[in-house]
Amino acid sequence: MKTTLTVNGEAHEVTHDPRRSLLDTLRDDLRLTGTKKGCDHGQCGACTVLLNGERVNSCLCLTAMHDGDEVTTIEGIGSPERLSALQKAFVEKDGYQCGFCTPGQIMSATAMLREISEGAPSYVSDDLEVPKLTDTEMAERMSGNLCRCSAYPLIREAIAMASEVSQ
Amino acid sequence: MRPFDYSRADSAKDVAGAQIIAGGTNLLDLMKIQVMTPEKLVDITRLSELTGISAEGDRLRIGALVTNSALAADARVRAGWPLLSRAILAGASVQIRNKATTGGNLLQRTRCPYFYDTSQVCNKRNPGEGCAAQGGTGRMLALYGTSEHCLAAHPSDMATAMAALQAEVEVMRASGDTVRIPLRDFYRGPGDRPDIETVLEDGDLITAVILPAPRAGARQVYRKVRDRASYAFALVSVAASVEMEGDTITRAQLAYGSIAPHPWKNHEVAEMLQGQTASDALFHRAAEALTREEAPHPDTEYKRPLLRRTLIAALRQATGLGDTAGTDTVRTPA
């Protein structure tokens, strides 16, 4: 079957088996290997991309269901020459060790900063109406991205730094 | 994953004879490990009549395709049914909640390890072959409402809050008729057919969930106990909406999660609280009444004291006897 996707602003038509995940389409068909396959079961977050602007696990998306949708991957938010504010902050704060989870962490954090600026609540928000970007909030909102090297404190520092830059 | 035929539904009538997919966050996982092997998959995500949240008088109608994230963040839900926002936000991760739908969340499958392990027998996977959890291990198994054929618990936080809020499930039948089923009647106990989890029949489609009018002034709590601070299923949870006049509890709506094959309710407990002065002694009596029955499996016996303490803590929160962090008061538009 055929599916058309806009990935990082560019339209692609891919031919695929109905079983194809969006993750495999990105990595194997479009050769966008910045998005990582960790668990392939929605548990680790390494495959996080933005789907029509919202962060999702691309391993739990069937490509067939996303005809006409827009996808943004880590390749779409910055380049080695022009890093995004979050990418810069992860380098600055050393927000990784092995780096395998980093693209997913950065895609997830990119969406998270927007969500909190739009007032989206979390389970740990004291007040569902006015969430604030505290360390506790960041830990809760990033819980879908595992880091087996456990660089979490530095990841949160990097996100806090990027958030200050953008304000 | 086993091969399947994929089609996109153009109308609600296209779902008969096929496995419905919407968010796919649970189904695709189960298909990858071949616990579920549908031959036909019908994608309902383009059915626009299943989208959106709308007021129905004082009630709220939530389309079946509304995502968990959109529902939890909806301004009307945060104000009128904050218990539902908290419960949804207590479940899964943001990535999952951005895809998971209202209808799909109600129909998510158990996380019983034997259901997931195709090398073990499971009556929910293959009716009649046996239950490996009997005599096996499983601290996530259910405490109440089980049968000798199945010990699995329903893991949904959202459904537990909806049970406390007395929601209804709107279903379109294959005939085209629409019915509304109280959530308490929507799930079936396991009996001798644990593979049949709800009253839905082939060709039925969940179209919406209806919340009754908000209870102005009610204090609401979703208290979830789990093995890690976030992104884990509940061991036990308590959804509470409590109304008071002075120190007297005038109404308590309660439901309990991850302890039964479906959101659990206990009317005796709710009635014990009504009309009584809030006190620790009262809450202890309610907790004892809730957990009188022994666990069906030694590995879940720990859930009895845990559930008692969680109920007491939730009631202390809701009535102001304890720390009130994470407690929300229902507001209604002026």
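Residues numbered from 1 in each chain as written. Chains lettered and ligands numbered in written order. Predicted model: local features only at pLDDT ≥ 70, side-chain atom pairs only at ≥ 80, totals over all residues. Heavy atoms only, no water.

Before going further, it helps to spend a moment on the overall build of chain A. The secondary structure content of chain A amounts to 5 helices and 5 strands. Relative to its length of 167 residues, chain A is compact, with a C-alpha radius of gyration of 16 Å against a globular reference of 15 Å. Projected onto its principal axes, the C-alpha positions of chain A cover 45 × 35 × 30 Å. A burial count over chain A gives 51% of its 167 residues as buried. Relative to all contacts within chain A whose residues are 6 or more apart in sequence, the contacts with residues 24 or more apart total 53%. Here chain A displays about 7400 Å² of accessible surface, and carbon together with sulfur accounts for 48% of that area. A distance of 5 Å separates the average location of the 16 positive side-chain charges in chain A from that of its 25 negative side-chain charges. (Helix = DSSP H or I, 4+ residues; strand = E, 2+ residues; numbered from the N terminus. Rg over C-alpha atoms; globule rule 2.2 N^0.38 Å. Buried < 20%, exposed > 50% of the residue type's maximum accessible area, 1.4 Å probe, protein only. Contact = heavy atoms within 4.5 Å. Areas by Shrake-Rupley, 256 points an atom, 1.4 Å probe, with all protein chains shown as cover. Lys, Arg positive; Asp, Glu negative; His and termini not counted. Charge placed at Lys NZ, Arg CZ, Asp CG, Glu CD.)

On to the domain arrangement of chain A, then. All names here are of chain A. Entries for chain A in the domain assignment read domain 1 (2–76) and domain 2 (85–166). Measuring from the centre of the C-alpha atoms in domain 1 to the corresponding centre in domain 2 gives 22 Å. Both faces considered, domain 1 and domain 2 share a buried interface measuring about 1300 Å² in area, 56% of it formed by carbon and sulfur atoms. At the surface where domain 1 touches domain 2, the tally comes to 2 salt bridges. For the salt bridge of Glu115 with Arg55, the shortest nitrogen-to-oxygen distance reads 2.7 Å. On inspection of domain 1 and its partner domain 2, the count reaches 7 residue pairs in polar contact (both at pLDDT 80 or more). (Domains from an automatic or database assignment. Buried area = accessible area lost by both parts, 1.4 Å probe. Salt bridge = Lys/Arg side-chain N within 4 Å of Asp/Glu carboxyl O. Polar contact = N/O pair within 3.5 Å; in protein donor to acceptor, adjacent residues only side chain to side chain.)

On to the sheet that holds strand 9 (residues 219–225) of chain B. Residues and elements named next belong to chain B. Strands sit in the order 11-10-9-12 across an open sheet of 4 strands; the sheet is antiparallel. The strands lining the two open edges of the sheet, one partner per strand, are strand 11 (248–257) and strand 12 (328–329). Bridge count for strand 9 against strand 10 (residues 236–245) is 7 bridges, and the pairing is antiparallel. Within strand 10, the residue paired with Gln220 across the bridge is Ser241. Here helix 12 (residues 303–319) sits on the sheet in contact with strand 9, strand 10 and strand 11, set at roughly 30° to strand 10. (Pairing = 2+ DSSP bridges. Axes fitted to C-alpha atoms, helices over the stretch in contact; angles between N-to-C directions.)

So, on to the interface of chain B and chain A. Counting residues at the interface gives 43 residues for chain B, matched by 39 residues for chain A. Where chain B abuts chain A, roughly 3200 Å² becomes buried across the two surfaces, and 54% of that area is made up of carbon and sulfur atoms. Among the residues chain B hides against chain A, the three largest losses belong to Arg78, Arg86 and Gln95 of chain B. Together they make up 21% of the total. The interface formed by chain B and chain A holds 2 salt bridges in total. Among the salt bridges present, the one from Arg331 of chain B reaches Glu129 of chain A, with a minimum N-O distance of 2.8 Å. At the junction of chain B and chain A, the tally comes to 23 residue pairs in polar contact (both at pLDDT 80 or more).

Another point: the environment of Ala12 of chain B. With respect to the element layout, Ala12 of chain B can be found in the loop between strand 1 (5–8) and strand 2 (19–21). Separated by 159 residues in the primary sequence, Ala12 of chain B and Val171 of chain B have C-alpha atoms spaced 11 Å apart.

Bringing the nonpolar core into the picture now. Across soluble globular proteins, nonpolar side chains show a tendency to be buried alongside one another. Residues and elements named next belong to chain B. Grouped together as the largest cluster of nonpolar side chains are 38 residues, with contacts concentrated most on Ile62, Leu71, Leu84, Leu106, Met162, Leu183 and Phe186. Elements represented by at least two residues in this core include exactly strand 5 (59–63), helix 2 (68–73), helix 4 (82–90), helix 8 (157–164), strand 6 (168–172), helix 9 (183–186) and strand 8 (205–211). Core analysis: the second largest hydrophobic core is formed by 32 residues, Ile249, Leu254, Phe283 and Ala289 among them. (Core = buried A, V, L, I, M, F, W, Y, C linked by side-chain atoms within 4.5 Å.)

Tallied over the full model, the rule gives 32 salt bridges over all chains. A salt bridge links Glu157 of chain A to Lys93 of chain A; the nearest nitrogen and oxygen atoms lie 3.9 Å apart. Separated by 64 residues along the polypeptide, Glu157 of chain A in helix 5 (residues 152–166) and Lys93 of chain A in helix 2 (residues 85–93) bring together distant segments of the chain. On the accessibility criterion, Lys93 of chain A (30% relative accessible area) is partly exposed. Arg180 of chain B is the salt-bridge partner of Glu170 of chain B, the closest N and O atoms lying 2.9 Å from each other. With Glu170 of chain B in strand 6 and Arg180 of chain B in strand 7 (residues 178–182), this pair connects stretches of sequence that are 10 residues apart. Given a relative accessible area of 30%, Arg180 of chain B falls into the partly exposed group.

For the rest of this paragraph, the subject is unusual backbone geometry. Even without glycine at this site, Asp40 of chain A takes up a positive phi of about 65°. Turning to its location among the elements, Asp40 of chain A is positioned in the loop between helix 1 (22–29) and strand 3 (48–51). For Gln166 of chain B, which is not a glycine, the phi torsion comes out positive at approximately 60°. In this structure, Gln166 of chain B sits in the loop between helix 8 and strand 6. Relative accessible area serves as the criterion here: at 41%, Gln166 of chain B is assigned to the partly exposed category.

This model, assessed by the stated rule, comprises 3 aromatic pairs over all chains. Aromatic side chains Phe186 of chain B and Tyr187 of chain B sit 5.1 Å apart centroid to centroid with 80° between the ring planes, which places their arrangement in the edge-to-face category. (Phe/Tyr/Trp six-rings, centres within 6.5 Å; stacked < 30°, edge-to-face > 60°.)

Further remarks concern the pairing of strand 7 of chain B. It is a general feature of regular strands that their side chains alternate between the two faces of the sheet. Residue and element names in this part refer to chain B. For strand 6 and strand 7, the ladder comprises 5 bridges, and the chain directions are antiparallel. Each residue of the ladder has a partner; that of Val169, found in strand 7, is Ile181. Linking strand 6 to strand 7, which pair antiparallel, is a turn of 5 residues; within it Gly176 sits at a positive phi near 100°.

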